[in-house]
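Observations on the three-dimensional arrangement
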Amino acid sequence: MRVQDGQPSAGPHAAIMQHWRIIITGCGTSHGSPPWGWRHLWSEDPRDHRRRSGAVLLGPAGEVILLDMGPDLMHQLRDPYATWRGYGYPEDCITRCDGVLLTHDHADHSHGINELRHVNRLQDGRPITIYGHRQHLDLITQMFPYCFDAAPDEVYRSYKPALTTCPVTDGTPFTVAGVPVVACALWHGPAGRVNGYRIGSLAYCSDAKSVPEATLPLLEGLDLLVLGMLREQPHETHMHLAAALDLVDRLRPQRTVFVHMGPEMRWAQWQGRLPAGVELAFDGLEMGFTVP
Ligand SMILES: [Zn+2]
Ligand SMILES: [Zn+2]
């Protein structure tokens, strides 16, 4: 199931805009789905088979930016469109990484960090920079110190990732692979803050229970909003359907795609019931956006 959408319509600055693509490589909540052991939540629909949260941004010159590095990262890089059936070479595999935009340190977004070592190997040892909030970068550095230790190490040498970190500030543009990116604060309920990212006409906002008023101006005028939405019922740390639709109503993006969904959100049941311009993602969904 590979979906290639049309590029957004050309605006007045089309001549200087670059066309990028985003692949939703995982749109499941922290356990992935469908979960085993709970038959009532099982689904045979491949659109309900969701890896843990993540996305890949692809630039016109082959640039690759990752959004998060969750526990399914190897599968997401080998098979970004979730179409590989386990035999034959996976032609669509991702073999490069120009940077990782980290939303936060939770396991479902960061515990695939070790898989980046293979990407280091594929790009001749070139280190990979992880951009994020200082607090989240400090936490992953404490959890995975071997990934950030540049000193020669007889045990891990050539067997560990080569990574660096770069803390970013809310609202201040920084550049990854030549593209300006803006981080913004989102509120993960009692779990604290997470980073959302604005890249041109795209915003990626996962694991938000709410969006602070000060962040809203950074999310105006979007062609595409990728938004974490867990389920129909309210949840302590994640946005539920009604809250997500309220946010869409305020921001009015051209198109909104829900990710980080629980197994209760069955694609076939919900897709036809959402307002125009709002849809559920599935693993492998590819869409276009523009960057200045
Ligand atoms: Zn999460
Ligand atoms: Zn989280």
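Report follows, based on the coordinates. Residue numbering note: each chain is counted from 1, following its sequence as written. Key to labels: chains lettered from A, ligands numbered from 1, both in the order written. Note on the predicted model: pLDDT of at least 70 is required for a residue's local features to be given, and 80 or more for side-chain atom pairs to be given and counted; whole-chain, interface and lining totals, by contrast, use all residues. Working from all heavy atoms in the structure, the side-chain values ignore hydrogens and water.

**Digging into unusual backbone geometry**
The amide bond that connects S33 to the next residue, P34, takes the cis arrangement and shows omega of 0°. Residue position: P34 is located in the loop between β2 (18-26) and β3 (54-58). With a phi angle near 70°, D68 is a residue other than glycine that sits in the positive phi range. Note on placement: D68 falls in the loop between β4 (64-67) and α1 (73-78). Each residue's exposure class comes from its accessible area (1.4 Å probe, protein chains only) as a fraction of the maximum for that residue type: buried when under 20%, exposed when over 50%, partly exposed otherwise. According to the relative accessible area criterion, D68 is buried, its value standing at 2%. A positive phi angle is found at D207, which is not glycine, with a value near 60°. Checked against the element boundaries, D207 lands in the loop between β11 (202-205) and β12 (224-228). Classification of D207 by relative accessible area gives buried; the value is 1%. Helix numbering and strand numbering both begin at the N terminus, where a helix is a DSSP run of H or I of at least 4 residues and a strand a DSSP run of E of at least 2.

**What to know about the coordination of the zinc ion (ligand 2)**
Those donors, H104 (NE2), H106 (ND1), H188 (NE2) and D207 (OD), are the protein atoms that reach the zinc ion (ligand 2), and they lie 2.2 to 2.3 Å from it. Each of the 4 donor atoms bound to the zinc ion (ligand 2) contributes to angles spanning 90 to 167°, and the resulting shape is irregular. Mapped onto the polypeptide sequence, the residues donating to the zinc ion (ligand 2) form the spacing pattern H-x1-H-x81-H-x18-D. Any N, O or S atom lying within 2.8 Å of the metal counts as a donor, and for Na, K and Ca the limit rises to 3.2 Å; water is left out, so some sites can look incomplete. In this structure, the zinc ion (ligand 2) lies 3.5 Å away from the zinc ion (ligand 1), the two metals sharing D207 as a donor. One end of the pair, H188, is in the loop between β9 (179-187) and β10 (193-199); the other, D207, is in the loop between β11 and β12, with 19 residues separating them in the sequence. Across the pair, exposure class does not vary: H188 and D207 are buried alike. Square planar and octahedral assignments, for four and six donors respectively, both demand that opposite donors be over 155 degrees apart and that all other angles lie between 65 and 115; tetrahedral needs four donors with all angles between 85 and 135 degrees, and anything else is irregular.

**What about helix α5 (residues 241-251)?**
Those residues of α5 that fall on the buried side of the exposure criterion are L241, A244, L247, V248 and L251. Here the buried residues of α5 occupy an arc of 125° about the axis, which is enough to place them on one side. Exposed residues pointing more than 90 degrees away from the buried face of α5 are listed as D246 and R250. Only heavy atoms enter the contact rule, under which two residues are in contact if any of them lie within 4.5 Å. Where α5 is buried, its residues meet β12, β13 (255-259), α6 (267-270) and β14 (278-280). Positioned one or two residues after α5, R252 has a phi angle of 50°, which is positive. The arc in question is traced by the directions running from the helix axis to the C-beta atoms.

Purely spatial values, then, with no claim about function.
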